[in-house]
Each structure stands twice: as C-alpha cells, then as structure tokens.
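Chains, contacts and geometry: an overview
This is what each chain is made of:
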Amino acid sequence: NDGSLPIGNITANELEVQFVNKQDRFNPGNIYSKYHNLLRLNRKIRAWVGPKLLDEDAIEWKPMGTYWVKGIEVAEDSYYVTFTAQDMLQLLSDTEYSCPVYQNANLYDRAVAVLEDARIVLKIPVGDFYWVDEELKGITIPWFWLEPMSHREALRKIVEIALGQCYVSRSNIIRIEGVSFIKLDEE
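Keep in mind the model is a prediction, meaning the values are calculated, not measured.

To continue, consider the nonpolar core. Within the largest apolar cluster, 34 residues are counted, with the highest numbers of intra-cluster contacts made by V132, I174 and I176. Every element with two or more residues in this core is listed here: α1 (88–91), α2 (107–122), β7 (130–132), β8 (140–144), α3 (151–162), β9 (165–168) and β10 (174–177). Per-element tally for this core: the top contributor is α2, with seven residues. If we ignore the near neighbours within four places in the chain, the residues touching I174 are M88, L89, L92, L115, F129, Y130, W131, C166, Y167 and V168.

So, in structure tokens, the structure goes:
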C-alpha cells in the first residue's frame, strides 16, 4: 500500500489503541480508578507518532489526526484494554442528510451544503473543519438530487462525480479535492 487514494474515492480511518490494564485502571466499571470518568464513548483522541531521530536522543512527534472513541473492549482474560476510534468522516456515516432538488448546481456548493449540514447535526463549532477545492465550482450538474443518506455517502457521491477525492487531513480538516489537485506519479 502506497498510501494513495484512488480518484473518485473517499476514505475514513480507524485507530486502535491498546493500554496495559494493570489493576483494572482502564476498566470503565472500576469506579475507584482515577480514569473512571474519562473512559466513555465519543471521547476525542489526538494521535501522534514519534520516530526517534538517527544519532540523537530526540523524538520528532508528528500528528496522525483526531479520532473519536467508538468502542472500549476490556476482555476478562486479557492484560490489555483496547480503544477503537474513528475519524470525522466515519462519524458522518452515522448521520443523515436530506437533499432538496437543485437545478444547474455546481459541486462546490453541494459539497459545502452537505458539510454545513453535518456541522449542525454534529454540533461542530463554527471554524474551519473542511476545505473544498475551488475546481468543483466549474462542475455544474443540470439536476442534482440525492435520496436521504449519510453525510459521508453524500460526500462520496459528489467526489465520485467530480473524479476527486475526500479524506481527513492530519490536522483534522475534511478535504475535498478536484481531479487536477491530485498529483499523479511522474514517469
């Protein structure tokens, strides 16, 4: 896997983190743990990776993105607790978007409408949480309508029509890129 995203696709990511669960300190049922009130679903996790630099004792930390806990697994026979978390695009799979009919609609405006509706549904504060390529303004559809579906699926359909791609950046920005934004391998 080279880490690329095929043209016309959307990707959502999942993060799995395991902690050593000494004395059940990460068990949500342990009311005596200092982490008891912190172990719950939809908790925000910011992930970082830190490779050790050659010939140095320093670690260079790089952000890997922001995720939300969707599952906590504490197996009786395990020494570990496992947290499963999803990025924002995966969160948009659990929401519903209803689209009116538009005539002569450009894909930029339709993508922004889906994302702004998602902002309201997920109660995301005003601020930058997405970026849409201006190239999508030049793609006009005579008639645009989507049956009720998740916000993620609505974005996937828009990206598919635009031959672009959609993903969440490491700085937690949903990016929708047009086909000319995508850098193809030089031969």
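Mapped onto the elements of the fold, L91 is located in helix α1. For L91, a relative accessible area of 12% gives the class buried. Considered as a pair, L91 and R152 are 61 residues apart in the sequence and their alpha carbons are 8.2 Å apart. The residues touching L91, leaving out its near neighbours within four places in the chain, are W68 and K70.

Turning our eyes to something else, we now look at the layout of surface pockets. Taken as a whole, the second largest pocket holds about 280 Å³ of empty space. Contributing to the lining of the second largest pocket are 15 residues, with W68, M88, L91, L122 and I124 lying nearest its centre. At the level of secondary structure, the elements contributing two or more residues to the lining of the second largest pocket comprise β4 (62–74) and α1.

Spatial strand order, β2-β5-β4-β3: four strands in an open sheet with antiparallel pairing. In the strand order of this sheet, the two ends are held by β2 (14–20) and β3 (44–49), each with one partner. The average undirected angle you get between the axes of adjacent strands in this sheet is 45°. Pairing geometry for β4 and strand β5 (residues 80–86), over six bridges, is antiparallel.

We now examine the packing of aromatic side chains. Counting across every chain of the model gives five aromatic pairs. Seen in terms of ring centroids, F19 and F83 are 5.6 Å apart; in terms of plane orientation they differ by 70°. Their pairing is edge-to-face. With F19 in strand β2 and F83 in strand β5, the pair connects residues that are 64 residues apart, well separated along the chain. For the ring pair F26 and Y35, a centre distance of 5.0 Å and an interplane angle of 25° mean the geometry is stacked. The class of F26 is buried, set by a relative accessible area of 11%. Linked through ring pairs, F19, F26, Y35 and F83 together constitute an aromatic cluster. In this structure, R110 is placed above the aromatic ring of Y102, and the distance from its NZ or CZ to the ring centre is 3.6 Å.

Taking burial as the measure, the seven residues of β5 include five buried ones, the bulk of the element. Hairpin connection between β4 and β5: a loop of five residues separates the two successive antiparallel strands.

The rules we used
Residues numbered from 1 in each chain as written. Predicted model: local features only at pLDDT ≥ 70, side-chain atom pairs only at ≥ 80, totals over all residues. Heavy atoms only, no water. Core = buried A, V, L, I, M, F, W, Y, C linked by side-chain atoms within 4.5 Å. Buried < 20%, exposed > 50% of the residue type's maximum accessible area, 1.4 Å probe, protein only. Helix = DSSP H or I, 4+ residues; strand = E, 2+ residues; numbered from the N terminus. Contact = heavy atoms within 4.5 Å. 1 Å grid on protein atoms, 1.4 Å probe; cavity = no way out; pocket = protein on both sides within 12 Å on 5 of 7 lines; lining within 4 Å. Points joined across faces, edges and corners; volume = space filled by probe spheres on them. Pairing = 2+ DSSP bridges. Axes fitted to C-alpha atoms, helices over the stretch in contact; angles between N-to-C directions. Phe/Tyr/Trp six-rings, centres within 6.5 Å; stacked < 30°, edge-to-face > 60°. Lys NZ or Arg CZ within 6 Å of the ring centre and 35° of its normal.

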